[in-house]
Amino acid sequence: MKKLIFVTGGVCSSLGKGVTASSIGALMEARGLTVRMLKIDPYLNVDAGTMSPYQHGEVYVTDDGAETDLDLGNYGRFTSAPLSRENSITTGQVYKTVIEKERAGDFLGRTVQVIPHITDEIKRRILLVRDAPDVDITIVEIGGTVGDMESVPFLEAARQLIHECGRQNAISVHVTLVPSVSGGEIKTKPTQHAVKELQEVGIQPDVLVLRSKDPLDDSVRRKISSFTNVEFEGVISAYDLPTIYELPLVLNKQGADAFILKKMNVESRHAELGAWREVVDKIKHPARKVRIGIVGKYMELHDAYKSIWEALCHGGVANNAGVELVKIDSSRLEDANAKLDELFANIDGILVPGGFGERGIEGMILAARYAREHKLPYFGICLGMQVMVIEYARDIVGWEDAHSTEFSKTTTHPVVCLLEEQVNVKNYGGTMRLGANESVTKPDTKIRKAYGAERIVERHRHRYEVANTARPELEAKGLTISATTPDGELVEACEWNDNPWGVGVQFHPEFKSRPTKAHPLFKAFIAECVKQNEAKAGQ
Ligand code: GLN
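Anyway, here's the lowdown on the structure attached to this text.

Cut-off values and rules
Residues numbered from 1 in each chain as written. Predicted model: local features only at pLDDT ≥ 70, side-chain atom pairs only at ≥ 80, totals over all residues. Heavy atoms only, no water. Phe/Tyr/Trp six-rings, centres within 6.5 Å; stacked < 30°, edge-to-face > 60°. Helix = DSSP H or I, 4+ residues; strand = E, 2+ residues; numbered from the N terminus. Buried < 20%, exposed > 50% of the residue type's maximum accessible area, 1.4 Å probe, protein only. Lys NZ or Arg CZ within 6 Å of the ring centre and 35° of its normal. Pairing = 2+ DSSP bridges. Right-handed = clockwise from strand over helix to strand, strands pointing away. Axes fitted to C-alpha atoms, helices over the stretch in contact; angles between N-to-C directions. Contact = heavy atoms within 4.5 Å. Near = heavy atom within 4 Å. Polar contact = N/O pair within 3.5 Å; in protein donor to acceptor, adjacent residues only side chain to side chain. Areas by Shrake-Rupley, 256 points an atom, 1.4 Å probe, with all protein chains shown as cover. Parallel < 35°, antiparallel > 145°, perpendicular 65-115°, else oblique. Left-handed = near helix turned anticlockwise from the far one by under 90°. Nonpolar A, V, L, I, M, F, W, Y, C, P; charged D, E, K, R; others polar. Salt bridge = Lys/Arg side-chain N within 4 Å of Asp/Glu carboxyl O.

## A word on the packing of aromatic side chains
Then, in step 1: Taken as a whole and judged by the stated rule, the model has twelve aromatic pairs.
Then, in step 2: Where Phe78 meets Tyr245, the ring centres are 5.3 Å apart and the plane angle is 40°; that geometry is what we call tilted. Here Phe78, found in helix H3 (residues 71–78), pairs with Tyr245, found in the loop between strand E11 (235–239) and helix H9 (247–253); they are 167 residues apart in sequence, far enough to count as distant.
Then, in step 3: On the accessibility criterion, Phe78 (1% relative accessible area) is buried.
Then, in step 4: On the basis of an interplanar angle of 90° and a centroid distance of 5.3 Å, the ring pair of Phe379 and Trp501 is categorised as edge-to-face. Within this pair, whereas Phe379 is found in strand E15 (residues 378–381), its partner Trp501 is found in the loop between strand E22 (491–496) and strand E23 (502–505), the two being separated by 122 residues in sequence.
Then, in step 5: Here the basic side chain of Arg221 rests over the ring of Phe232, its NZ or CZ set 4.6 Å away from the ring centre.
Then, in step 6: Note that Arg222 overlies the ring of Phe232, its terminal NZ or CZ placed 4.1 Å from the centroid.

Structure below.
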């Protein structure tokens, strides 16, 4: 029998439901089970593609080009579960499907209602994932907080599924907060109320994951167990950790995975957690340190570049180095008084990530120029690659007004521009080059060396491309086009020749990096930054 695990949250948001769901997934995989992950977002947007990174953090892109919630990034980092459009459900998608069916006459004669029509559509989408061949366990994370109006239909669908499948086939994991007040006293009341709220919608949790600052005593766990009807073994303390990658180990130590499997009557081998232990050990005790300057535009909100931070951390793990992130708002560099030498003092490498819109572009161009001229490792991702091309065109080719047509309509040297067929695109939902595309890497380039492969597949999310008209001149002046689409038409990567590691890529490698297997480009970038750091220390 295929199993379902629903993960919900109580008390407040941002407790780490996503990391909890992902950690449970990692533990199930460590026991040899096949896992699928599913995120439910109770907002009306059809997908996250049109949402500002300031509002909602990073937009995570799947192979099939779905623009999803950043929690899918966690699923991708903690588990090997494939992620696609099916693995992200929003209220918008559900209502859209039901309303389209209604217009098509599928419900002719009947009144279309939240229950059963909306809940049935939610259940259909959950079961679609659960019932795929060879899947043992599907973990469904319901976003938002229990008690929010928005999540009611999803909780009702979960309740019905638990009832219909039986409690040994569908269980509930509830993540709540256990705060401490001044004097350090632990307060269980918010959790008691949060569980009551879940019970009110008809769901009895099987497992409680209690978020707190410090590990909770057994006496607190026992008290919560007796107030909530959750077995003591199922009351788990998830205290603050130096790295999120430690959560699978912490859950396992308290027997959470064994308890979940016992509840669902699933036999498995012991959890093999050696790879996770190694990751955590390397993050906590790195042999060396590097400082990476990230010059981007959404710097105030950590979640806006979530996958970049994580991929840099993975690159560190692969090189046994701790990565210190130095976040620099690119518009700061544009100030005439900005002292780049000071800003970049003791920085071992610069990364310019993706982004949209004009603000801060000139600052990014200055950062790229600084890296090129000072022979600092540089990693340009998507917009960061376009910036690299603009800078090279201006300074080396001598096209002073070179720009991307995204930022200047009047430039006489549009070195980055829209593909012909995209010029008239008016509808901004899902009109970009999205999802996995194949590229061919050139021999004897940094990128070929990093991947060790001629053909690579990476995910895209962008509208603009390097202009083919500018390519001959850029190449003649020494910019290496190090990867293209298989037909040679689109530039996928470029490199500076006289820099230890100056690489720009049009795609988003950060989405495919895992702590246990760093992405080859992040691994190579950090390796070069380590060299820089050691060279400086040796001076
Ligand atoms: N704004 C650029 C484009 O649309 C880059 C996008 C990105 O960095 N993801 O092409």
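What follows picks up the thread again.
## Description of the pairing of strand E14 (residues 349–352)
Then, in step 1: Residues Gly349 and Leu351 of E14 are buried on one face, and the alternating residues Ile350 and Val352, pointing to the opposite face, are buried as well.
Then, in step 2: Bridge count for strand E12 (residues 288–296) against E14 is three bridges, and the pairing is parallel. Note that in E14 the partner of Ile294 across the bridge is Leu351.
Then, in step 3: Where E14 meets E15, three bridges bridge the pair, whose relative direction is parallel. If you follow Val352 over to E15, its bridge partner there is Gly380.
Then, in step 4: In this fold, the crossover linking E14 to E15 by way of helix H15 (residues 361–373) has right-handed handedness.

## Things to note about the sheet that holds E23
Then, in step 1: Read across the sheet, nine strands follow the order E13-E12-E14-E15-E23-E22-E21-E18-E19 without closing on themselves; strand pairing throughout is mixed. Two strands lie at the open edges of the sheet, namely strand E13 (321–329) and strand E19 (455–462), each paired on one side alone. For this sheet the average axis-to-axis angle between neighbouring strands, irrespective of direction, equals 25°.
Then, in step 2: Pairing analysis gives three bridges linking E22 to E23, with the strands arranged antiparallel. Paired with Cys494 across the bridge in E23 is Gly504.
Then, in step 3: Sitting on the sheet, helix H12 (residues 306–318) touches E12, E13, E14 and E15, and the angle it makes with E13 is about 150°.

## Quick word on the pairing of strand E1 (residues 3–9)
If a strand is regular, its side chains alternate between the two faces of the sheet.
Then, in step 1: Burial within E1 is extensive, with seven of its seven residues counted as buried.
Then, in step 2: Covered by surrounding structure in E1 are Lys3, Ile5, Val7 and Gly9 together with Leu4, Phe6 and Thr8, the residues of both alternating faces.
Then, in step 3: Note: E1 against strand E6 (residues 137–142), five bridges, orientation parallel. When the bridges of E6 are listed, Ile5 appears paired with Ile139.

## Quick notes on the site of the ligand
Then, in step 1: Neighbouring the ligand are Gly354, Gly355, Phe356, Cys382, Leu383, Gln386, Glu406, Arg461, His462, Arg463, Tyr464 and His508.
Then, in step 2: Contact between the ligand and Gln386: an oxygen atom at 3.0 Å from a side-chain N or O atom of the residue.
Then, in step 3: A distance of 3.0 Å separates an oxygen atom of the ligand from a polar atom in the backbone of Arg463.
Then, in step 4: Protein chains shield 98% of the accessible area of the ligand, which is 300 Å² for the free molecule.

## Comments concerning the packing of helix H7 (residues 189–200) against helix H8 (residues 218–228)
Then, in step 1: Their axes nearest at 10 Å, the elements H7 and H8 cross at an angle of 30°. Considered as vectors, H7 and H8 are oriented roughly parallel to each other. Remark: the crossing between H7 and H8 carries right-handed chirality. Residues Thr191, Gln192, Val195 and Gln199 of H7 pack against Lys223, Ile224, Phe227 and Thr228 of H8.
Then, in step 2: Looking at side-chain class alone, the contact of H7 with H8 contains three nonpolar, four polar and one charged residues.

## Let's talk about the sheet that holds strand E10 (residues 207–212)
Then, in step 1: Reading across from one edge, E5-E2-E6-E1-E7-E10-E11 is the order of the seven strands in this open sheet, with parallel pairing throughout. Strands at the two margins of the open sheet, each flanked by one partner only, are strand E5 (88–90) and E11. In this sheet, adjacent strand axes meet at a mean angle of 20° when their direction is disregarded.
Then, in step 2: Where E10 and E11 come together, five bridges link them in parallel fashion. Residue pairing for E11: Val209 is matched across the bridge by Ile236.

## A word on the environment of Asp206
Then, in step 1: Topologically, Asp206 is positioned in the loop between H7 and E10.
Then, in step 2: Residues Asp206 and Val195 lie eleven residues apart in sequence; the distance between their C-alpha atoms is 11 Å.
Then, in step 3: Setting aside its immediate chain neighbours within four residues, Asp206 contacts Arg167, Ile171, Ser172, Val230, Gly234, Phe259 and Lys263.

## Remarks on the pattern of salt bridges
Then, in step 1: Counted according to the given criterion, the structure contains 42 salt bridges.
Then, in step 2: Between Arg372 and Asp395 there is a salt bridge, and its shortest N-O distance comes to 2.9 Å. Of this pair, Arg372 sits in helix H15 while Asp395 sits in helix H16 (residues 383–397), and the two are 23 residues apart along the sequence.
Then, in step 3: Taking the relative accessible area as the measure of exposure, Arg372 reaches 11% and is therefore buried.
Then, in step 4: Salt bridges sharing partners connect three or more residues here, namely Lys39, Asp41, Asp69, Asp71 and Glu141.

So yeah, pure geometry; function would need other evidence.
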